[in-house]
Structures are given as structure tokens and as C-alpha cells.
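Structural overview
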Amino acid sequence: METNEAWWHGATIYQIYPRSFADSNGDGIGDLRGITAKLDYVASLGVDAIWLSPFFTSPMADYGYDVSDYCNVDPLFGTLADFDALLAKAHDLGLKLLIDQVYAHTSDQHDWFTTSRSSRDNPLADWYVWADAKADGTPPSNWQSVFGGPAWTWDARRCQYYMHNFLKEQPQLNVHHPDVQAALLAVAKFWLDRGVDGFRLDALNFSFHNPLLIDNPPEAENTGLRTRPFDFQQKINNMSQPELVPFVERIRALTDQYHARFTVAEVGGALAMREMKLLTQGQARLNTAYSFDFLYQNALSPQLIARVLGQWPDTPDIGWPSWAFSNHDAPRVVSRWGQGDATARAKLYNMLLLCLRGNPFIYQGEELGLPQGDVAYDRLRDPEAIANYPLTQGRDGARTPMPWASELPYGGFSATEPWLPMDTRHVAQAVAVQEADTLSVLHFTRKMLALRQSSAALRVGTIVFDDSAPDILRFTRHLGDEALLCVFNLGDAPVATTPAPSGQMLMSVGDISTSMPPRSGYIVRHHRTPPP
């Protein structure tokens with residue numbers, strides 16, 4: 001069934017972390033030319049778009065999320081000409097290209113911050129969040145940084161504190177300031193004019209703070225494991241302010257001046273669901289929001305899936321969701337969810353992700369079923385992981401290099417030692433190895449992507465959940481006269497298939513002929529009479 005939906009509605013997006021995808025020049029770091037050389041592979045998966053994590057000029061304190069020049073490419077990754085070539089090839093292959101935009105903060109080496117910190121009366125003096133110390137010299141508020149310690153650092157040049165929700169090398173932009181908003185919109189226009197198809201807006205709800213610098217109240221005591229001072233507060237004043245909505249509407253107004261552009265907000269935190277709905281409501285805000293609901297869950301259950309999806313009903317007043325099971329910040333899903341046959345679990349999770357109503361985001365290597373990479377302490381690069389070792393896993397294990405060929409040094413990622421170690425388990429699951437195995441996770445994921453592309457019901461249809469056994473997830477995707485029943489056993493024990501599958505079997509994981517073994521699933525197609 002054909003639909004008239006925008007290209008992004010129900011699109012599958014493949015996330016590329018440039019440092020770890022493919023190294024073209026032998027320095028151990030992935031780059032834009034390396035990505036360009038692998039785009040045929042990405043297109044062969046059957047995805048609609050790619051999202052590139054930051055490749056902008058940066059001192060790399062937070063590996064690119066500390067931007068020192070929004071409108072240039074860091075030499076580690078190449079040049080603007082390399083980016084243009086990547087974009088042109090992506091478009092030739094029918095792939096849309098999305099890039100990150102980081103509007104909450106810059107690097108402390110950005111020219112804007114260098115000027116801002118030089119005095120209290122320069123033209124950019126108010127472009128960042130500066131405040132005087134309290135009478136006793138302590139910071140202006142009790143706000144805490146995501147990465148540990150106060151969200152304030154003293155600067156002797158101005159004899160003031162500057163705010164940073166993340167590293168001290170990532171000073172907070174004062175996005176309340178109209179000139180800051182204009183500068184950020186000019187950055188977006190630079191990339192839109194270059195031809196990008198849209199933006200993922202990083203940490204968007206951190207973009208605005210309460211200008212009164214009111215202390216955050218303490219968090220309730222029964223909120224789980226606390227590994228950072230940040231976890232002890234309700235984050236209601238350092239982020240998530242109402243001024244974000246009109247700024248989002250300005251972003252949308254700009255992207256609407258270009259044809260078929262796409263915007264997805266990254267929104268995390270305790271108020272994420274409310275904010276995601278707010279930022280995607282109606283036709284004047286963002287197209288979708290990138291959910292954290294599954295990224296940090298240590299277990300998967302039918303109840304969790306039904307509850308989370310149920311918060312995005314198919315009604316005119318609710319926006320369109322996006323889902324990810326893994327990304328560059330979260331431990332890989334195969335290592336987080338379940339035990340037993342990792343290949344079966346990887347297939348099951350990819351099938352489930354591609355059956356959900358919304359936009360699925362597939363992180364590089366997820367199509368191979370890669371587990372979390374093993375990174376020894378002396379090879380860690382993530383500042384959060386180093387600071388909290390061994391209490392937190394950190395992000396390095398999800399950022400290890402992509403394995404391309406088992407017979408080549410470093411899995412074919414680079415001709416030299418990579419910036420993070422290549423996990424030997426990943427080499428055994430390299431692209432070339434799985435291309436040669438028709439039963440591999442890669443081949444299965446390609447077939448599942450082809451099914452999603454061929455089924456309007458999977459891409460944009462409604463979702464209806466059925467009551468079933470405790471570990472069995474059952475739902476139907478509907479559109480017009482097409483109905484696909486999707487059933488998954490997410491538990492650790494076999495379950496009788498009641499009722500037995502009927503209709504055209506489209507995809508399955510595991511032997512479901514007599515029962516549903518642990519971590520198995522199937523999709524069958526029915527045809528129904530559309531409602532009057």
C-alpha cells in the first residue's frame with residue numbers, strides 16, 4: 001500500500017560514529033573518506049538515512065561534542081570538501097544525511113568563549129552563563145554537572161563562575177540571548193545550504209537554564225543507584241525551561257524554508273516524556289524526538305514495551321516517536337538484555353526494533369549483533385569512565401571500531417592501532433564474515449529492513465497490543481487492509497504458541513513449530529477489511 005507520508009515518517013536511520021567507522025589514512029581514527037568508502041555497504045542494508053555524530057573542529061575533550069568551530073571539519077576527520085563528497089555519494093545512493101547540532105554548549109576553545117571570558121563588557125560577554133560568586137566565594141547555585149562535581153567553574157579573567165552542564169571544557173551557551181540564537185540558526189543555515197537533510201539536536205533540553213539561578217531541590221531518596229552528585233537533584237532549574245519551545249519553533253521555521261528537511265530532538269532526564277511531546281506537538285515544532293526509554297534499561301519486558309509505546313498514541317495532538325536500543329553513549333543491547341544465544345537475541349532485538357511504531361535508529365554494528373566492546377582501564381578514553389572506574393561502564397565499550405574483515409589487521413578498520421582497541425570477539429563477527437553466512441545477523445537484519453520497507457503498516461501504521469502470557473509480547477501493526485501480527489518471547493523459558501501462528505509467515509527467530517523457545521519471535525501477515 002502506497003502512502004503520501006514525508007520521507008522521514010517511519011524511516012530507518014543508521015547512526016555512524018565517525019571516529020570508529022572506517023579509517024582511510026592509517027592514523028587509527030575513522031574519518032569522512034572512510035565513511036564515504038563504506039556507503040555502498042550502508043545503502044545495501046536498506047536504511048533510509050544516516051546520522052553522523054559530530055565531525056566538527058574540536059579539541060576532543062568530549063570527542064566532538066565540545067565544538068570549537070561549528071562550520072568546519074576537524075582535521076582528524078578530513079575537510080569540508082570530504083564532507084561534500086560524502087554527502088554527494090549518500091544522495092547518489094538514495095540515502096538522506098543527518099548531522100548533529102550541539103546548541104547547549106561549545107568548547108572552551110571556541111572563539112565565542114575566548115572573547116566572552118576576556119572581560120565583562122566585550123560584545124560577547126553575555127553569550128555564556130556567567131555569575132558572581134556567593135558572598136562566601138562558593139558557586140552561584142547548587143547545580144551539578146552530568147560528569148561529576150559542580151556545574152560551575154571559576155574563571156580568574158572575569159572573576160566570575162561560568163556554568164557547564166557537562167565537562168568544564170563545555171561552557172554553557174546563554175541561549176536566552178537573541179544574538180546567540182541568531183548565531184546558532186546561522187550555523188544550521190550553513191549546513192542546510194550545503195545540502196544536509198536534517199539535524200539531530202544534541203542534549204536539546206539542556207539549552208536553557210533558569211536565569212534566576214535558583215537551587216535545584218533534592219531528589220527523592222529511593223531513586224536507585226547514585227554514582228554522581230548530579231543524581232541527587234531534581235534537574236528543574238539548570239535545564240528544561242519554557243523558553244525552549246519558541247526557540248524550537250524558530251529552528252522549525254528555518255528548516256521549513258528547505259525541502260523535506262528532518263529534525264529529531266535528543267531529550268533525556270526525568271521530564272523527558274513531557275518534553276518530547278511538547279517539542280514535537282503540532283506542525284510548527286520538531287518532527288520527532290529520540291527516546292532514552294530503552295537505551296539504559298537492563299532488562300526488556302512486554303510490559304515495558306507496551307507502556308512506553310502506549311505513551312505515543314496515534315492521535316492528532318501527539319507527535320511521532322523515535323526509538324533506539326543502542327547508541328554511542330549506551331552499552332550495546334546484546335550485552336544488556338538477556339542470556340543465552342547471542343545471535344538469536346541480536347536477531348530478535350533487531351526484528352523488534354524494526355516492528356515498533358516510530359523511527360528506528362540502528363547504531364553501527366547493531367546489524368552485526370556486536371556485544372559491548374571490552375576496553376581495559378589503560379585504554380579508556382571516555383572522561384566519565386576514567387573518573388568513575390570501575391563503578392560505571394562508560395561509553396568506550398560502545399565506541400570500539402567497526403569490524404570489516406577478519407583476515408585484515410585490526411579487523412580492517414585501520415592499518416594501524418586504532419584509537420580504541422578492536423575487540424577480538426568483534427573481529428569474528430566482521431562484515432565480511434557475516435556476508436558469507438546466509439544465517440548471520442547481518443543477512444537477517446537486511447531481510448527485516450526489506451520487509452519494513454515493503455510494508456506501509458510497519459512503517460507508518462497503528463500499533464495495537466494484545467494481552468498475553470507474562471513474557472510474550474503480542475501486537476498488530478495495521479494500515480488499510482494490511483495487518484501484521486508480531487509476537488515475541490522475551491523470557492528465559494519456552495512458551496506454547498497459543499494461538500498458533502496463522503497467515504503468511506514473513507519472518508521468524510528460533511524454531512517456533514511446536515512452541516516459542518526463549519528469545520524467539522515471528523511476524524505473520526493477515527488481510528482485513530478496512531474500517532468504514
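Look up a bit, the structure's there.
The following refers to the structure shown.

Rules used throughout
Residues numbered from 1 in each chain as written. Predicted model: local features only at pLDDT ≥ 70, side-chain atom pairs only at ≥ 80, totals over all residues. Heavy atoms only, no water. Helix = DSSP H or I, 4+ residues; strand = E, 2+ residues; numbered from the N terminus. Rg over C-alpha atoms; globule rule 2.2 N^0.38 Å. Buried < 20%, exposed > 50% of the residue type's maximum accessible area, 1.4 Å probe, protein only. Contact = heavy atoms within 4.5 Å. Lys, Arg positive; Asp, Glu negative; His and termini not counted. Charge placed at Lys NZ, Arg CZ, Asp CG, Glu CD. Axes fitted to C-alpha atoms, helices over the stretch in contact; angles between N-to-C directions. Parallel < 35°, antiparallel > 145°, perpendicular 65-115°, else oblique. Nonpolar A, V, L, I, M, F, W, Y, C, P; charged D, E, K, R; others polar. 1 Å grid on protein atoms, 1.4 Å probe; cavity = no way out; pocket = protein on both sides within 12 Å on 5 of 7 lines; lining within 4 Å. Points joined across faces, edges and corners; volume = space filled by probe spheres on them. Salt bridge = Lys/Arg side-chain N within 4 Å of Asp/Glu carboxyl O. Pairing = 2+ DSSP bridges. Core = buried A, V, L, I, M, F, W, Y, C linked by side-chain atoms within 4.5 Å. Expected span 1.5 Å × (residues − 1). Polar contact = N/O pair within 3.5 Å; in protein donor to acceptor, adjacent residues only side chain to side chain.

The next thing to look at is the overall build of the protein. Along its length, the protein carries 15 helices and 18 strands. Its C-alpha atoms give the protein a radius of gyration of 23 Å, near enough to 24 Å, the size a compact globule of 532 residues would have. The C-alpha extent of the protein, read off along each of the three principal axes, is 75 × 55 × 45 Å. When burial is assessed residue by residue, the protein has 60% of its 532 residues classed as buried. When contacts within the protein are restricted to residue pairs at least 6 apart in sequence, long-range pairs at least 24 apart make up 67% of them. Separation between the mean location of the 43 positive side-chain charges and that of the 60 negative ones in the protein comes to 2 Å.

Turning next to the environment of Ile214. Its location among the elements puts Ile214 in the loop between β9 (198-202) and α6 (244-255). Owing to a relative accessible area of 40%, Ile214 belongs among the partly exposed residues under this scheme. Sequence separation between Ile214 and Pro140 is 74 residues, and the spatial gap between their C-alpha atoms is 8.8 Å. Not counting the four nearest positions on each side in its chain, Ile214 is found in contact with Trp143 and Asn237.

This next bit is on the packing of helix α3 (residues 80-92) against helix α5 (residues 178-194). Closest axis-to-axis distance for the α3/α5 pair is 11 Å, and the angle between their directions is 55°. One finds that α3 runs oblique with respect to α5. Facing Leu80, Phe83, Asp84 and Leu87 of α3, the residues of α5 in contact are Phe190, Trp191 and Arg194. In the contact of α3 with α5, the residues fall into five nonpolar, no polar and two charged.

Within this structure, the stated rule accounts for one cavity of 30 Å³ or more. Looking at the largest cavity, its volume works out to about 40 Å³. Contributing to the lining of the largest cavity are Ser326, Arg332, Val333, Val334, Ala346, Asn350, Glu366, Gly369 and Leu370. Going through the elements one at a time, α9 (333-336) and α10 (342-355) are the ones with two or more residues in the lining of the largest cavity. Residues that form the lining of the largest cavity fall into these classes: four nonpolar, three polar and two charged.

On to the pattern of salt bridges, then. By the definition in use, this model includes 25 salt bridges. The partner of Asp329 in a salt bridge is Arg399, with the nearest N and O atoms 2.9 Å apart. Pair noted here: Asp329 is in the loop between β12 (320-324) and α9 and Arg399 is in the loop between α11 (383-388) and α12 (424-427), with a separation of 70 residues, a long-range link. With a relative accessible area of 1%, Arg399 lands in the buried category. One salt-bridge network, held together by shared partners, links Asp62, Asp329, Asp382, Arg395 and Arg399.

By volume, the second largest pocket amounts to about 470 Å³. Trp8, His9, Gln283, Ile318 and Trp320 are the residues nearest the centre of the second largest pocket, which is lined by 21 residues in total. Per-class residue counts for the lining of the second largest pocket are eight nonpolar, nine polar and four charged.

Moving on: the sheet that holds strand β11 (residues 288-290). Read once around its circumference, the closed barrel built from eight strands follows the order β1-β2-β5-β9-β10-β11-β12-β13, with strand pairing classed as parallel. Direction aside, the axes of adjacent strands within the sheet are offset by 25° on average. Pairing analysis gives three bridges linking strand β1 (residues 13-16) to strand β13 (residues 359-363), with the strands arranged parallel. Its bridge partner being in β13, Gln15 is matched across the sheet by Tyr363. Each of β5 (96-102) and β9 is contacted by α5, which is oriented at about 165° to β5, the strand it contacts most.

Further remarks concern the pairing of β1. Side chains Ile13 and Gln15 of β1 all project onto a buried face; the interleaved residues Tyr14 and Ile16 project onto the opposite face, where all are buried too. By the bridge criterion, four bridges tie β1 to strand β2 (residues 49-52) in an arrangement that is parallel. The residue of β2 that forms the bridge with Tyr14 is Ile50.

Our next topic: the nonpolar core. Of all hydrophobic cores here, the largest spans 137 residues; its most connected members are Tyr14 and Phe83. The greatest single-element share of this core, amounting to nine residues, is contributed by α10. Of all hydrophobic cores here, the second largest spans nine residues; its members include Ala104, Val146, Phe147 and Met239.

So, on to α10. A rise of 1.5 Å per residue sets the reference length of α10, with its 14 residues, at 20 Å; its end C-alpha atoms lie 20 Å apart and thus fit the reference within 8%. Counting buried positions along α10 yields 12 of 14 residues, so the element is predominantly enclosed. Within the span of α10, buried status applies to Ala344, Arg345, Ala346, Lys347, Leu348, Tyr349, Asn350, Met351, Leu352, Leu353, Leu354 and Cys355. Put simply, Asp341 is the residue that caps the front of α10, since its side-chain oxygen is 2.9 Å from the backbone nitrogen of Thr343.

Reading across from one edge, β6-β8-β7 is the order of the three strands in this open sheet, with antiparallel pairing throughout. A strand with exactly one partner marks an edge of an open sheet, and here the two such strands are β6 (130-131) and β7 (152-155). For β7 and strand β8 (residues 160-163), the ladder comprises four bridges, and the chain directions are antiparallel. Bridged to Asp155 within β8 is Gln160.

Attention now goes to the pairing of strand β10 (residues 262-266). The buried count for β10 comes to five of five residues, which makes it a mostly enclosed element. Neither face of β10 is left uncovered, since the one carrying Phe262, Val264 and Glu266 and the one carrying Thr263 and Ala265 both have all their residues buried. Examined bridge by bridge, β9 and β10 share four bridges and lie parallel to one another. Each bridged residue has a counterpart across the sheet, and for Gly198 the counterpart in β10 is Phe262. Here three bridges tie β10 to β11, and the two strands are oriented parallel to one another.

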